[in-house]
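# Breakdown of the fold
Residue strings, one per chain:
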Amino acid sequence: MDLLANLAAPVAGAAASLAGGGTPDVLLERPADPAHGDYATTVALRMAPSLKRAPRQIAEEIAQRIGSGGDIASVEIAGPGFINLRLSPTWYRNAVTRIRVDGDRYGAGRHDARRNVLVEMVSANPTGSLTAGSARNGAYGDAVARLVAFAGHDVVREYYFNDAGVQIDRFGESVRARKRGEEPPEGGYPGPDPIALAAEIDLPGDASIAEWSAAAVPIMFERIKATLARLRIDVDIWFSERDLHASGAIARAIGTARAAGHVYERDGAVWLATTPFGDDKDRVLIKADGSTTYFAADLAYIEHKFARGHDRLLYILGADHHGYVGRLKAAAACLGHEPASVEVPIYQMITVSGERMGKRRGNVVTADELIDAIGVDAARYFLVARSHDQAMDIDLDLAVAQNSENPVFYVQYAHARAAKLLRDAGRSTATSWAYDPRPQENTLVKRLAEWPAVVREAAELRAPHRVVGYVHALAGDWHRYHHDGKVDPTLRVVNDDADARDFRLALTEVVATTIRTALALVGVAAPDAM
RNA sequence: GCCCCCGUAGCUCAGUGGAUAGAGCACAGGCCUCCGAAGCCUGGGGCGCUAGUUCGAUUCUAGCCGGGGGCACCA
């Protein structure tokens, strides 16, 4: 149930009949100034150029065709051609009932063209604990996955890792070095993980690197899984790069690209011609020494994902991987797939006190440390509260100090207050009321009415921070309403007017439900008490 | 040199063409015998610069200036 879409429909109809065909989008906006009505649209201004007529005149004619009555109490034209709508009490009352019917599915989408989406996220190799950077990847990727699913698509979450090869060797060697009381080798892992693992693993210092790796990697993997579980991230598929090699998928993918004419040889190496599809340069698949590149595995992995029936591949990557975007899309194209079906949302870097971190730099703040410091709810909220296009910095001491004033508690508290009311006063029993809602209540209903559009855009733009912004605003509206009831007894939810009380309980319920739904989309709990 | 992201209030950030640009924190002050003060209210302060497109630009385009991240026969 998208209340605003329903409201916009007659306006769009009037506009279309005036334009005689091409229907412009009618967006209903909430004017900052209440004198401009409940909702406003600029459709007349947008139509003016193509109709070659004065926008104000167009607005007048649209207004005339809409008329008033029913949901629309009045239509006014203002300024250069704004159409301002005022809604009737009936609309507000019915809105609450309709939202209530949808319950925790309010705002959810249904799609004729349902996509089968694979979201690949985190994908950190098991050579150390998950960093705060990986936590951002996971928090962002998981929120995107939840949003896309809520929007009505099928979603699978996948974690791609490499548990063989040079990095794993260096990791095993680093652990062994610690066991021997030595420093990690050049290009190894200087952080605390190898030190801890060396103490835990019962192997002699002269055991082989392979033995050390085989012992250390599974332990590391279990820790990564435990951290993701703490973050409330459910990975559906763990995919090992090794399987691509073992199954012959790499050779097959290269064969497919070769058959399509995109593979050539030069300087003793085998190349994929990605440049024609927008990549900066062609990429090597098989090196002169006969070994395959990481990119060859990427190529095979893309083919593997499509072969599993996914038609939209999301790669959640950090800004340090932005160079991959072009080559991944080009690789898909070389395999005969639509480049746009590969989508790479890039999130900006996370730094610690202004410094870039890295497992091989040894200056890591781990995801667990972040969770230990501020809790899971605050961590997940914090990690997606800002746009993924925004770089963020973590000062762990500051984060702890500011924990109690983390905005997540503002939202959770709003939910707890509403839940308390419903606990004490019971639920609404009616589905229609004679009560004319007060302006404070209309404000809440209008906010609720925005939710389907907010969640739809957040899903399309892969922008979960919009959900956070919305739920914060909704919580603020609720806090104010709640407070108004303390100042003005006639605005209390619990009062003597049975009809008003029942309506307000219904409103309380849909506010609580929508807060819960929104928080769930970003992996944050909505406690009934705190 | 080329590519991506960012530049909005003292700080951290919302706001992807519309009528008076918002929030949190910080700062100053007010509100609990009253549905939870983890709350509410009031106040000061802001779109990096220059052109362009448009009836209208914080929003789109170009250039410039700042900050971050990339440009492997590494993984």
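Residues numbered from 1 in each chain as written. Chains lettered and ligands numbered in written order. Predicted model: local features only at pLDDT ≥ 70, side-chain atom pairs only at ≥ 80, totals over all residues. Heavy atoms only, no water.

### Digging into helix α8 (residues 209–230)
An ideal rise of 1.5 Å per residue puts 32 Å on 22 residues; α8 measures up with 31 Å between its terminal C-alpha atoms. Of the positions making up α8, those classed as buried are W212, S213, A216, V217, M220, F221, I224, T227 and L228. Residues of α8 that are buried sit in contact with β5 (154–161), α6 (166–179), α7 (192–200), β6 (237–240) and α13 (367–374). Residue R232 follows α8 closely and has a positive phi angle near 65°. (Helix = DSSP H or I, 4+ residues; strand = E, 2+ residues; numbered from the N terminus. Expected span 1.5 Å × (residues − 1). Buried < 20%, exposed > 50% of the residue type's maximum accessible area, 1.4 Å probe, protein only. Contact = heavy atoms within 4.5 Å.)

### Focus: the domain arrangement of chain A
In terms of domains, chain A is made up of domain 1 (3–87) and domain 2 (93–108 + 404–521). Between domain 1 and domain 2, the C-alpha centre-to-centre distance is 28 Å. The partner domain 2 presents nine residues to the six residues of domain 1 that form the contact. Broken down residue by residue, the surface that domain 1 buries against domain 2 is led by L3, L4 and R30, which jointly contribute 71%. Scanning the region where domain 1 abuts domain 2 turns up two salt bridges. A salt bridge links D38 to K446; its shortest N-O distance comes to 2.9 Å. The interface formed by domain 1 and domain 2 contains three residue pairs in polar contact (both at pLDDT 80 or more). The element contributing the most residues to the side of domain 1 that touches domain 2 is helix α1 (residues 3–19), with three residues. Of the residues assigned to the side of domain 1 that touches domain 2, the class counts are three nonpolar, one polar and two charged. (Domains from an automatic or database assignment. Buried area = accessible area lost by both parts, 1.4 Å probe. Salt bridge = Lys/Arg side-chain N within 4 Å of Asp/Glu carboxyl O. Polar contact = N/O pair within 3.5 Å; in protein donor to acceptor, adjacent residues only side chain to side chain. Nonpolar A, V, L, I, M, F, W, Y, C, P; charged D, E, K, R; others polar.)

### Section: α6
Along its 14 residues, α6 runs 20 Å from first to last C-alpha, staying within 8% of the 20 Å computed at 1.5 Å per residue. Of all the residues in α6, the buried ones are I168, F171, G172, S174, V175, R176, A177 and R178. Among the structural elements, α7 and α8 are those in contact with the buried residues of α6. Directly beyond the C-terminal end of α6, a positive phi value near 80° is found at G181.

### What to know about the sheet that holds strand β2 (residues 72–78)
Pairing is antiparallel across the open sheet formed by three strands, whose spatial order is β1-β3-β2. Of all strands in the sheet, those bounded by a partner on one side alone are β1 (39–41) and β2. This sheet shows a mean twist of 25° between the axes of neighbouring strands, independent of strand direction. Pairing of β2 with strand β3 (residues 82–87), which is carried by six bridges, proceeds in the antiparallel orientation. Along β3, the bridge assignment pairs I72 with L87. Helix-sheet contacts for helix α3 (residues 55–66) involve β2 and β3, and the interaxial angle to β2 is about 170°. (Pairing = 2+ DSSP bridges. Axes fitted to C-alpha atoms, helices over the stretch in contact; angles between N-to-C directions.)

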